[in-house]
Structures are given as structure tokens and as C-alpha cells.
Amino acid sequence: MPIGEPDGRTTPRLVRIVEAFRAAGINAKAEPQMDAWLRTHAAFEVPLGQAVYAAGGPVVLADDPDAVRGMLHLMRQNLAAMETPPVPRAFAALRALPQGLLVAVLRRFLKSPTAVHSGLSDLSPATAAELERLAEQLRAPA
């Protein structure tokens, strides 16, 4: 779990928070680029969550390659619109790797126990509303 200060500094408070998470058994690390990390996460998570919600669940979405391609297109748009490089840098692969490969990987992920037993399976109206609000924020000019 990345944790960071708004200005990117490693403060004594940040160190204490990271240590508290680790003591509780949660893998945590200080993230100096927290704002970019959050924006990258939203660029990926919002289209993912909205596509899963629209489909009726992660496995249903996995069975619709066209919907997965549409979701990937939105992820790529969001990442391209970011003012800073994605954090972590590995998310840049979503813009660089071939669409066919990414669609296959995402479909496999959506069928995995990780996706099925995660918050992605929360199809509540509150989740849909939160994702829509985040999508609005992603579309708004910086």
C-alpha cells in the first residue's frame, strides 16, 4: 500500500504511518509521487470498475472481448491525458503493449479469484455513483 505526503517528502509522520501499517501486517511503503500514483490508479480503476459494473460482474465482462477493448481504450485515453508519467511506471505498458495481448491478459485477470473476490464484484448503486464522480474528475481539466 503506497502512502505519501502531498509534497512528496518523507516526514517523521509518514514513517510512523508506514510502520503502523507494517506492524498490522499490511505491506506499506512510502510513495514520493503520491499524487501521480493516485491519478494513475484512477486512470486504470475507473474504467475497470465502470465496465465491470455495466457488465454485471468481472466474469461477465471477461466474456465480452469488445467491452474489454472499450475499457482498455478508456484506460489508454486516461493515461495519455495525464500531465505526468504513470506511477508506477509499469502502467505505461497499457499504452505500449499490443491491444490483443492486453485484452487477453485483462480477460484472464477478470476471471481470476483476485478479481472475483475483490471490490470489483461490488455492484451497489453507491459504487456506481462513486465511479461516476471519479470519472467526472478525470475528465475535468487539471
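Here, the structure is the one placed above.
Everything numeric in this text was worked out from a predicted model, so none of it was measured. (Residues numbered from 1 in each chain as written. Predicted model: local features only at pLDDT ≥ 70, side-chain atom pairs only at ≥ 80, totals over all residues. Heavy atoms only, no water.)

Caption draft 1: Examining the overall build of the protein more closely. Counting secondary structure elements, the protein contains 8 helices and 2 strands. Counting from the amino terminus, helix and strand elements in the protein follow one another as β-α-β-α-α-α-α-α-α-α. On the principal axes, the C-alpha backbone points of the protein span a range of 50 × 35 × 30 Å. Of all intrachain contacts in the protein linking residues separated by at least 6 positions in sequence, the fraction that spans at least 24 positions is 68%. If the 15 positive side-chain charges of the protein are averaged to one point and the 14 negative ones to another, these points end up 6 Å apart. (Helix = DSSP H or I, 4+ residues; strand = E, 2+ residues; numbered from the N terminus. Contact = heavy atoms within 4.5 Å. Lys, Arg positive; Asp, Glu negative; His and termini not counted. Charge placed at Lys NZ, Arg CZ, Asp CG, Glu CD.)

Caption draft 2: Structural detail: the packing of aromatic side chains. With the rule as written, the count across this model stands at 1 aromatic pair. Ring centres 5.3 Å apart and planes at 70 degrees place the aromatic pair Phe 44 and Phe 91 in the edge-to-face group. In this pair, Phe 44 is assigned in helix α2 (residues 34–55) and Phe 91 in the loop between α4 (65–81) and α5 (93–96), connecting sequence segments 47 residues apart. (Phe/Tyr/Trp six-rings, centres within 6.5 Å; stacked < 30°, edge-to-face > 60°.)

Caption draft 3: The packing of α4 against helix α6 (residues 99–111), seen in detail. In contact at an axis separation of 10 Å, α4 and α6 are set at 110 degrees when each is read in the N-to-C sense. Considering the angle they form, α4 stands roughly perpendicular to α6. In this structure, α4 meets α6 at a crossing whose hand is right-handed. Of the residues in α6, those touching α4 at Pro 65, Val 68, Arg 69, Met 71, Leu 72 and Arg 76 are Gln 99, Leu 102, Val 103, Leu 106, Arg 107 and Leu 110. Residues that form the contact of α4 with α6 fall into these classes: 8 nonpolar, 1 polar and 3 charged. (Axes fitted to C-alpha atoms, helices over the stretch in contact; angles between N-to-C directions. Parallel < 35°, antiparallel > 145°, perpendicular 65-115°, else oblique. Left-handed = near helix turned anticlockwise from the far one by under 90°. Nonpolar A, V, L, I, M, F, W, Y, C, P; charged D, E, K, R; others polar.)

Caption draft 4: Fine view of the side chain of Thr 40. Relative to the helices and strands, Thr 40 is located in helix α2. Beyond its immediate chain neighbours, meaning those up to four positions away, Thr 40 contacts Leu 79, Met 82, Pro 86, Val 87 and Phe 91.

Caption draft 5: Up close: α2. Its 22 residues give α2 an end-to-end C-alpha distance of 31 Å, which sits within 8% of 32 Å, the value for a rise of 1.5 Å per residue. Taken as a whole, α2 carries its principal kink of about 25 degrees at Glu 45; the proline Pro 47 stands between one and four residues after it. Where α2 is buried, its residues touch β1 (2–3), α3 (58–62), α4, α5, α6 and α8 (125–139). One or two steps after α2, the chain reaches Gly 56, where phi turns positive at roughly 105 degrees. (Expected span 1.5 Å × (residues − 1). Bend = angle between axes of the 7 residues up to and from the residue.)

Caption draft 6: Structural detail: the nonpolar core. Formed by 20 residues in total, the largest nonpolar core has its most connected members in Leu 48, Leu 61, Val 68, Met 71 and Leu 110. Listed by contribution, the elements that provide at least two residues to this core are α2, α3, α4 and α6. When near neighbours in sequence (up to four residues on either side) are disregarded, Val 68 contacts Leu 61, Ala 62, Val 103, Leu 106, Arg 107 and Leu 110. (Core = buried A, V, L, I, M, F, W, Y, C linked by side-chain atoms within 4.5 Å. Buried < 20%, exposed > 50% of the residue type's maximum accessible area, 1.4 Å probe, protein only.)

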